[in-house]
Amino acid sequence: MSKAEHWLIGGRGTGRARPFACTASQVLLAAPFIAGGLGYFRDRSAREELVRNLGYPAPEVAAFIDAAAKLGAGLALAGGVQPEWAATALIANLAPMTV
């Protein structure tokens, strides 16, 4: 494996920092969730109306929890802090809001 390949995809058992491709993919995957979480704080009424139309009780609280989960887990995924748990939280967050 060349040095360039090693830097891009990493080597097995090297114990080195995470490869660039892994880090870049996590940041790109987290970006829409971070944007969605921030969008709530810019325009609360639109998100609360959407949640109200879905029939959830206390739409203000549900919309806030949705935005906080997306923002927090998105930032954790982008930063590489417990990425497995952050991805699991994002998956769990998607289900109730898309049904």
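Owing to the predicted nature of the structure, the values given are computational and were not obtained by experimental measurement.

Each value, and the rule that gives it
Numbers given for residues are sequential positions, taken from 1 along each chain in its written order. Residue-level local features of this predicted model are given only where pLDDT is at least 70; pairs of side-chain atoms are given and counted only at 80 or more, and the full residue set underlies all totals for whole chains, interfaces and linings. With hydrogens and water set aside, each side-chain value is computed from the structure's full complement of heavy atoms. Numbering of helices and strands runs from the N terminus; a helix is a DSSP stretch of H or I covering at least four residues, while a strand is a stretch of E covering at least two. Contacts between residues were defined by any pair of non-hydrogen atoms, one from each residue, lying within 4.5 Å. Accessible surface area values rest on a Shrake-Rupley calculation with a 1.4 Å probe, where residue burial reflects the displayed protein chains alone. Throughout, nonpolar core names a set of buried Ala, Val, Leu, Ile, Met, Phe, Trp, Tyr and Cys residues whose side chains join them through atoms within 4.5 Å. We call a residue buried when its accessible area falls under 20% of the maximum for its residue type, exposed when it is over 50%, and partly exposed in between, using a 1.4 Å probe and counting protein chains only. Two aromatic rings, drawn from Phe, Tyr or Trp (for Trp, its six-membered ring), form a pair once their centres lie within 6.5 Å of each other, and the interplanar angle then sorts them: stacked below 30 degrees, edge-to-face above 60, tilted otherwise. Here, a salt bridge means any side-chain nitrogen of Lys or Arg that lies within 4 Å of a carboxyl oxygen of Asp or Glu. Every patch collects residues that have over 30% relative accessible area and no salt bridge, joining them within 9 Å if they carry like charges and within 5 Å if they are nonpolar side chains (Val, Leu, Ile, Met, Phe, Trp, Tyr).

Observations regarding the overall build of the chain
For step 1, the next point in the chain: In terms of helices and strands, the chain carries 5 helices and 0 strands.
For step 2, the next point in the chain: Reading the chain from its N terminus to its C terminus gives the helix and strand order α-α-α-α-α.
For step 3, the next point in the chain: In the chain, the share of contacts with a sequence separation of at least 24, taken over all contacts with a separation of at least 6, comes to 47%.
For step 4, the next point in the chain: Of the roughly 6600 Å² of accessible surface on the chain, a fraction of 67% belongs to carbon and sulfur atoms.

Structural notes on the environment of A73
For step 1, the next point in the chain: Turning to its location among the elements, A73 is positioned in helix α4 (residues 59-79).
For step 2, the next point in the chain: A C-alpha to C-alpha distance of 9.8 Å links A73 and G37, two positions 36 residues apart in sequence.
For step 3, the next point in the chain: With residues up to four places along the chain from it excluded, the contact list for A73 reads A86, A89 and L90.

Looking at the nonpolar core
For step 1, the next point in the chain: Grouped together as the largest cluster of nonpolar side chains are 8 residues: A30, F33, I34, L71, A73, L77, A86 and L90.
For step 2, the next point in the chain: Elements that contribute at least two residues to this core include exactly α2 (20-42), α4 and α5 (83-98).
For step 3, the next point in the chain: V51, A62, A63 and A67 belong to the second-largest nonpolar core, a separate cluster that totals 5 residues.

What about the packing of aromatic side chains?
For step 1, the next point in the chain: Considering all chains together, one arrives at 3 aromatic pairs under this definition.
For step 2, the next point in the chain: Here the aromatic rings of Y40 and F41 are separated by 5.0 Å at their centres, their planes lie at 75 degrees, and the arrangement is edge-to-face.
For step 3, the next point in the chain: For F41, a relative accessible area of 35% gives the class partly exposed.
For step 4, the next point in the chain: By the ring-pair criterion, three or more aromatic residues cluster together here, those being Y40, F41 and F64.

Overview of the pattern of salt bridges
For step 1, the next point in the chain: One pass over the structure, following the stated rule, counts 4 salt bridges.
For step 2, the next point in the chain: When the shortest N-O distance is used, the salt bridge between D66 and R47 registers 3.3 Å. Here R47 lies in helix α3 (residues 44-54) and D66 lies in helix α4, a separation of 19 residues in the sequence. Each of the two residues, D66 as well as R47, counts as buried.
For step 3, the next point in the chain: Put simply, K70 and D66 hold a salt bridge, and the shortest N to O gap is 3.6 Å. Of this pair, K70 and D66 both sit in helix α4, 4 residues apart, roughly one helical turn.

As for a nonpolar patch on the surface
For step 1, the next point in the chain: Nonpolar side chains collect at one region of the surface, where F41, V61, F64 and I65 lie side by side and expose about 370 Å² of accessible area between them.
For step 2, the next point in the chain: Tallying contributions element by element places α4 first for the nonpolar patch, with 3 residues.
For step 3, the next point in the chain: Tracing the backbone shows V61 in helix α4.

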